[in-house]
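Chains, contacts and geometry: an overview
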Amino acid sequence: QVQLVESGGGLVQAGGSLRLSCAASGRTFSNYFMAWFRQAPGKEREFVAAISRAGRRTYYAESVKGRGTISRDNAKNTVYLQMNSGKPEDTAVYYCAASLFDGSIMRSSAYAYWGQGTQVTVSS
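A brief look at the structure comes next. Remember, it's a predicted structure, so these values are computed and weren't measured experimentally. (Residues numbered from 1 in each chain as written. Predicted model: local features only at pLDDT ≥ 70, side-chain atom pairs only at ≥ 80, totals over all residues. Heavy atoms only, no water.)

1. Things to note about unusual backbone geometry
Not every positive phi belongs to a glycine, and Asn77 is a case in point at roughly 55°. Note that Asn77 resides in the loop between β7 (68-73) and β8 (78-83). The backbone phi angle of Ser85 is positive, close to 50°, even though this residue is not glycine. Here Ser85 shows up in the loop between β8 and β9 (92-99). Judged by relative accessible area, which is 39%, Ser85 ranks as partly exposed. (Helix = DSSP H or I, 4+ residues; strand = E, 2+ residues; numbered from the N terminus. Buried < 20%, exposed > 50% of the residue type's maximum accessible area, 1.4 Å probe, protein only.)

2. Observations concerning the sheet that holds β8
The strand order β1-β3-β8-β7 describes an open sheet built from 4 strands, whose pairing is antiparallel. At either end of the open sheet lies a strand with only one pairing partner, and these are β1 (4-7) and β7. Recorded for the sheet is a direction-independent mean angle of 15° between the axes of neighbouring strands. Two elements, β1 and strand β3 (residues 18-24), share 4 bridges in a ladder whose sense is antiparallel. The residue of β3 that forms the bridge with Ser7 is Ser21. (Pairing = 2+ DSSP bridges. Axes fitted to C-alpha atoms, helices over the stretch in contact; angles between N-to-C directions.)

3. Quick notes on the side chain of Thr78
One can find Thr78 in strand β8. Only 2.9 Å separates the side chain of Thr78 from the backbone oxygen of Lys76, close enough to count as a polar contact. Among all residues touching Thr78, those that are not within four sequence positions of it are Ser21, Cys22, Ala23, Phe29, Ser71, Arg72 and Asp73. (Polar contact = N/O pair within 3.5 Å; in protein donor to acceptor, adjacent residues only side chain to side chain. Contact = heavy atoms within 4.5 Å.)

4. Remarks on the environment of Ser108
With respect to the element layout, Ser108 can be found in the loop between β9 and β10 (113-114). Ser108 gets classed as partly exposed once you look at its relative accessible area, which sits at 34%. In the structure, Ser108 is positioned 62 residues away from Glu46 in sequence and 7.8 Å away in space, judged by C-alpha atoms. Those residues within four positions of Ser108 in sequence are excluded, and the remaining contacts are Phe37 and Trp114.

5. Digging into the state of the cysteines
Under the counting rule described, the total for this entry stands at 1 disulfide. Residue Cys22 pairs covalently with Cys96 via a disulfide, S to S 2.1 Å. What sets the handedness of the Cys22 and Cys96 disulfide is the S-S torsion sign, and at about -80° it is left-handed. Note that Cys22 is positioned in strand β3 and Cys96 in strand β9, a separation of 74 residues in sequence. When its relative accessible area of 0% is taken as the criterion, Cys96 is described as buried. (Disulfide = S-S within 2.5 Å.)

In short, shape yes, function no, at least from these values alone.
Printed below as a string of structure tokens:
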């Protein structure tokens, strides 16, 4: 089991950058495949980015490809999401998720553990 806590959300102007952090508890953080999802008002939760256990492979949604960077520091039990060139459509609650097993990484059902979410608002 792992517990996740997101931070770094807030208000950012369009074109600006932000960095989200997800702190995980437990001594087996490196065993988990990690991901970020987001959910905008009135919309379904959508995949943003994912990273493999050792951080050697990353995956991105088309909407953030070229703008977003996911990374992790297993020594600090933390995963990050760097977003550049923020757009109003990036406004959403961002969730950190963890999976112990391989699966369909872009589907929320593949992840058994979730954080509470952190709100990001990008203004025009």
